[in-house]
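Tertiary structure, described
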Amino acid sequence: MLFLSFLSCQDSSLEPENQFVQIYFKYEFKNELNTFENTYQKDLFLDGVIKIKFWLTEEEQKSILRKTEELNYFTLPDTLKYIPQDSVAVSINPNSGEQILRIKYNSIDKTTVWFYPLNEDNTQVKQMMELNSFIISLIESKPEYKKLPPRKGGYD
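Here we summarise the structure given alongside this text. (Residues numbered from 1 in each chain as written. Predicted model: local features only at pLDDT ≥ 70, side-chain atom pairs only at ≥ 80, totals over all residues. Heavy atoms only, no water.)

Bringing the pattern of salt bridges into the picture now. Working definition: two side chains of opposite charge can pair if their charged atoms are close together. Across all of its chains, the model carries nine salt bridges by this definition. One salt bridge connects Lys 62 with Glu 58, and the closest N-O pair in it is separated by 2.9 Å. In this pair, Lys 62 and Glu 58 both sit in helix α2 (residues 58-70), four residues apart, roughly one turn of the helix. (Salt bridge = Lys/Arg side-chain N within 4 Å of Asp/Glu carboxyl O. Helix = DSSP H or I, 4+ residues; strand = E, 2+ residues; numbered from the N terminus.)

Have a look at this one:
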């Protein structure tokens, strides 16, 4: 009986924390953080995708908000400029497609879209890429992510 009580307490600790910062982040082909639905999807390349339950802690959400403020995310344009494919010496196959970052906090709901390759000399692009890297490092530091299977293969 005590063991069952312990297990039920353990399960309740697995409940997601309040997602007061909601994020939809589609990046690097099919990777996707969606705290609107408390999921994360990892692109395994040859093995397809895997989707798991996933959420951010209160402190992680606050750190993302601090980073958005530091980088002025909510003032960035809705679409970031990219370099036309015909002026690029290297191409990625398949093309990584549309990349999206949507952050909703209180009454603010901001979505930014971009395609690769980006003009890396652009200050706004640098800000966006810094925020992306920050969120990706946060995702990849979580135990839930670390338990996911490794990618097999890759894209040309």
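Further notes follow.
Looking now at the packing of α2 against helix α3 (residues 123-141). Where α2 contacts α3, the axes come no closer than 10 Å and their chain directions differ by 170°. Accordingly, the angle class assigned to the pair α2 and α3 is roughly antiparallel. From α2, Glu 60, Ser 63, Ile 64, Lys 67, Thr 68 and Glu 70 reach across to α3, where they touch Glu 130, Leu 131, Phe 134, Ile 135 and Leu 138. Split by residue class, the contact of α2 with α3 holds five nonpolar, two polar and four charged. (Axes fitted to C-alpha atoms, helices over the stretch in contact; angles between N-to-C directions. Parallel < 35°, antiparallel > 145°, perpendicular 65-115°, else oblique. Contact = heavy atoms within 4.5 Å. Nonpolar A, V, L, I, M, F, W, Y, C, P; charged D, E, K, R; others polar.)

Moving on, we come to α3. Here α3 spans 27 Å end to end across 19 residues, near enough to the 27 Å set by a 1.5 Å rise per residue. Restricting attention to buried positions, one finds in α3 the residues Val 125, Gln 127, Met 128, Leu 131, Asn 132, Ile 135, Ile 136, Leu 138 and Ile 139. Down the axis of α3, the smallest arc covering the buried residues is 165°, so these residues share one side. For α3, the N-terminal capping position is held by Asn 122, with its side-chain oxygen 2.7 Å away from the main-chain nitrogen of Gln 124. (Expected span 1.5 Å × (residues − 1). Buried < 20%, exposed > 50% of the residue type's maximum accessible area, 1.4 Å probe, protein only. Arc of directions from axis to C-beta. Polar contact = N/O pair within 3.5 Å; in protein donor to acceptor, adjacent residues only side chain to side chain.)

A few words now on unusual backbone geometry. Of note in this structure, Glu 28 is not a glycine but carries a positive phi near 45°. Of note, Glu 28 is situated in the loop between β1 (21-27) and β2 (31-34). In this structure, Asn 72 is a non-glycine residue whose phi angle is positive, near 55°. Its location among the elements puts Asn 72 in the loop between α2 and β5 (99-105). Residue classification places Asn 72 among the partly exposed positions, given a relative accessible area of 41%.

Moving on, we come to the side chain of Asp 43. Structurally, Asp 43 can be placed in strand β3 (residues 39-43). At 2.9 Å, the side chain of Asp 43 and the backbone nitrogen of Phe 45 are in polar contact.

One turn of an α-helix holds 3.6 residues; hence residues three or four places apart share an orientation. Between its first and last C-alpha atoms α2 spans 18 Å; for 13 residues at 1.5 Å apiece the expected length is 18 Å, and the two agree. Burial in α2 covers these residues: Glu 60, Gln 61, Ser 63, Ile 64, Leu 65, Lys 67 and Thr 68. Where α2 is buried, its residues touch β1, β5 and α3. In the stretch just after α2, Asn 72 is the one whose phi turns positive, near 55°.

Here we come to the nonpolar core. Soluble globular proteins tend to pack their nonpolar side chains together in the buried interior. Formed by 28 residues in total, the largest nonpolar core has its most connected members in Ile 23, Phe 25, Tyr 40, Leu 101 and Ile 139. When contributions to this core are tallied by element, the ones reaching two or more residues are β1, α2, β5 and α3. Every residue in contact with Leu 101, bar those within four places of it in the chain, is listed here: Ile 23, Tyr 24, Phe 25, Tyr 73, Lys 110, Thr 111, Thr 112, Trp 114, Met 128, Leu 131, Asn 132 and Ile 135. (Core = buried A, V, L, I, M, F, W, Y, C linked by side-chain atoms within 4.5 Å.)

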